[in-house]
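Here is what each chain is made of, one letter per residue.
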Amino acid sequence: MSNPASVFEAGDLRLSSGATYRGARLSYRTYGTLSPARDNVVLYPTSYSAQHLDTQWLIEPDGILDPTRWFVVIPDMFGNGLSSSPGNTAPPYDGSRYPHFSILDNVRAQRRLLREVFGVERLKMVYGWSMGGMQAYQWAASFPDEVERIAVVCGAARCARHNYVFLEGVKAALTADPAWQDGRFVRKPERGLRAMGRVYAGWAMSQAFYRDELWREIGFSSLEDYLVGGWEGNFLRRNAEDLLAQIHTWQHFSIADDPAYGGDFDAALRAIRAEVLLMPSRTDLYFRVEDNADELPLLSRARLAPIESDWGHRAGNPVHRGADWSFIRAQVRELLAR
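None of the values given here were measured: they were computed from a predicted structure. (Residues numbered from 1 in each chain as written. Predicted model: local features only at pLDDT ≥ 70, side-chain atom pairs only at ≥ 80, totals over all residues. Heavy atoms only, no water.)

**Q** Go over helix 7 (residues 223–236), please, and point to the residues and values.
**A** The first and last C-alpha atoms of helix 7 sit 18 Å apart over 14 residues, in line with the 20 Å expected at 1.5 Å per residue. Listing the buried residues of helix 7 in full gives Tyr226, Leu227, Gly230, Trp231, Glu232, Asn234, Phe235 and Leu236. Looking at the buried positions of helix 7, the neighbouring elements they touch are helix 5 (190–204), helix 6 (207–211) and helix 8 (240–251). (Helix = DSSP H or I, 4+ residues; strand = E, 2+ residues; numbered from the N terminus. Expected span 1.5 Å × (residues − 1). Buried < 20%, exposed > 50% of the residue type's maximum accessible area, 1.4 Å probe, protein only. Contact = heavy atoms within 4.5 Å.)

Spelled out as structure tokens, the structure:
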């Protein structure tokens, strides 16, 4: 049910930072068939370091997102190596000269894609995990009349301070590589990418995940096998400048950065008209249940449904299937049935 990957030529984009990115390209892929009324669209933005091929597993008949019912669009986030990114931008604006994109910049470009390519002006749902959940929240705040529902899975309406500090550690590990010179990488920082993977592994999964050796459930023979194959390998296949660019986007996110709210976080939450499903993982170490619980009273139509799991942040991306997948599927089915 998938269609070929495509690229939306977005032209020159004026970014939230005030910079202009010339010749922006937004990669995307669609799944299923757009209804004649254009009323069956689910937007599914990518997460940190992920590309659409990494996340499309969730889209399947009778799955979490069913392409026999919904026209699912995955836009690749700026900085992920497929859409405009430091690694595919021509000099002199490549690498560390690449301008900073915000979550709002991503959402504005996605809105243009939907309108200009598909004629879609209203979304049935925006579904997002992690940074994808941030994009879902931004959609609902910035375009409240154009989004019926959002599912925020292990995400939040802003980057919490502790979340910011976690990313500082990841960034420090990556840039400690000798290849980081004068604010840019002069060659592939293999040592830094491996170190980044190990730092990330301690934050993405819960204490119980490691205590009970749950990596064995996904085919790894030992802890070292999991750290090398599951985490070092994940980041070694990415461009280091792209990874840094996405960290900046993540760290500096708040839905209140839309000029319509002038930095007023509470006002941005109150402006959301979409029905909101918040699904944090009970054991997520950086997108905390408490963050979503604080947001909940300011939302007019929302419910909090924590994932009771030992898989930490990855409970929201349950490629291992099992109970987490079944829980998310049931919750999303209920949301879409309303």
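That was the structure; now back to the text.
**Q** Any chance you could break down the packing of helix 4 (residues 161–175) against helix 8 for me, citing the residues and the numbers?
**A** Orientation of helix 4 relative to helix 8, taken along the N-to-C sense of each, is 165 degrees, at an axis distance of 10 Å. Considered as vectors, helix 4 and helix 8 are oriented roughly antiparallel to each other. For the pair helix 4 and helix 8, the crossing hand works out as left-handed. On helix 8, the residues that touch Asn163, Tyr164, Phe166, Leu167, Glu168, Val170, Lys171, Leu174 and Thr175 of helix 4 are Ala240, Leu243, Leu244, Ile247, Trp250 and Gln251. (Axes fitted to C-alpha atoms, helices over the stretch in contact; angles between N-to-C directions. Parallel < 35°, antiparallel > 145°, perpendicular 65-115°, else oblique. Left-handed = near helix turned anticlockwise from the far one by under 90°.)

**Q** Describe the pattern of salt bridges, listing the residues and the values that go with them.
**A** Going through the model one piece at a time under the given rule, you end up with 24 salt bridges. Two residues, arginine 198 and glutamate 224, come together in a salt bridge whose shortest N-O distance is 2.6 Å. Of this pair, arginine 198 sits in helix 5 while glutamate 224 is found in helix 7, placing the two residues 26 residues apart along the sequence. Take arginine 198: its relative accessible area is 33%, and that puts it in the partly exposed class. (Salt bridge = Lys/Arg side-chain N within 4 Å of Asp/Glu carboxyl O.)

**Q** How would you explain the pairing of strand 1 (residues 6–14) if you had to name every residue and give the values?
**A** Where strand 1 lies against strand 2 (residues 20–31), seven bridges are found, and the strand directions are antiparallel. Note that in strand 2 the partner of phenylalanine 8 across the bridge is leucine 26. Counted along the chain from strand 1 to the antiparallel partner strand 2, the turn is five residues long, and its residue glycine 18 has a positive phi close to 100 degrees. (Pairing = 2+ DSSP bridges.)

**Q** Before we move on, can you summarise empty space enclosed by the protein with the specific residues and values?
**A** A full pass over the atoms with the stated rule returns three cavities of 30 Å³ or more. There is about 50 Å³ of room inside the largest cavity. If you trace the largest cavity, you find it lined by Phe78, Gly79, Tyr98, Pro99, His100, Phe101, Ala245, Gln246 and Thr249. When the residues that make up the lining of the largest cavity are grouped by side-chain class, the tally is five nonpolar, four polar and no charged. (1 Å grid on protein atoms, 1.4 Å probe; cavity = no way out; pocket = protein on both sides within 12 Å on 5 of 7 lines; lining within 4 Å. Points joined across faces, edges and corners; volume = space filled by probe spheres on them. Nonpolar A, V, L, I, M, F, W, Y, C, P; charged D, E, K, R; others polar.)

**Q** Residue-level account of the environment of glycine 183, with values.
**A** Mapped onto the fold, glycine 183 is located in the loop between strand 7 (180–181) and strand 8 (184–185). With relative accessibility at 32%, the residue glycine 183 sits in the partly exposed group. Sequence spacing of glycine 183 and phenylalanine 8 is 175 residues, and the spatial spacing of their C-alpha atoms is 30 Å.

**Q** Report on the layout of surface pockets, specifying residues and quantitative values.
**A** There is about 500 Å³ of room inside the largest pocket. Lining the largest pocket are 28 residues, with Trp129, Trp231, Asn234, Arg314 and Asn317 positioned closest to its centre. Examining the composition of the lining of the largest pocket, we find that five residues originate from one element, helix 7, more than from any other. Here the residues of the lining of the largest pocket sort into 15 nonpolar, nine polar and four charged.

**Q** Break down the nonpolar core for me, citing the residues and quoting the values.
**A** The biggest cluster of nonpolar side chains holds 110 residues, and the ones touching the most others in it are Leu65, Tyr127, Tyr137, Tyr200, Trp250, Ile255 and Ile272. Apart from the residues lying within four places of it in its own chain, the contact partners of tryptophan 250 are Tyr48, Ser130, Met131, Met134, Cys159, Asn163, Phe166, Leu167, Tyr200, Tyr286 and Phe287. (Core = buried A, V, L, I, M, F, W, Y, C linked by side-chain atoms within 4.5 Å.)

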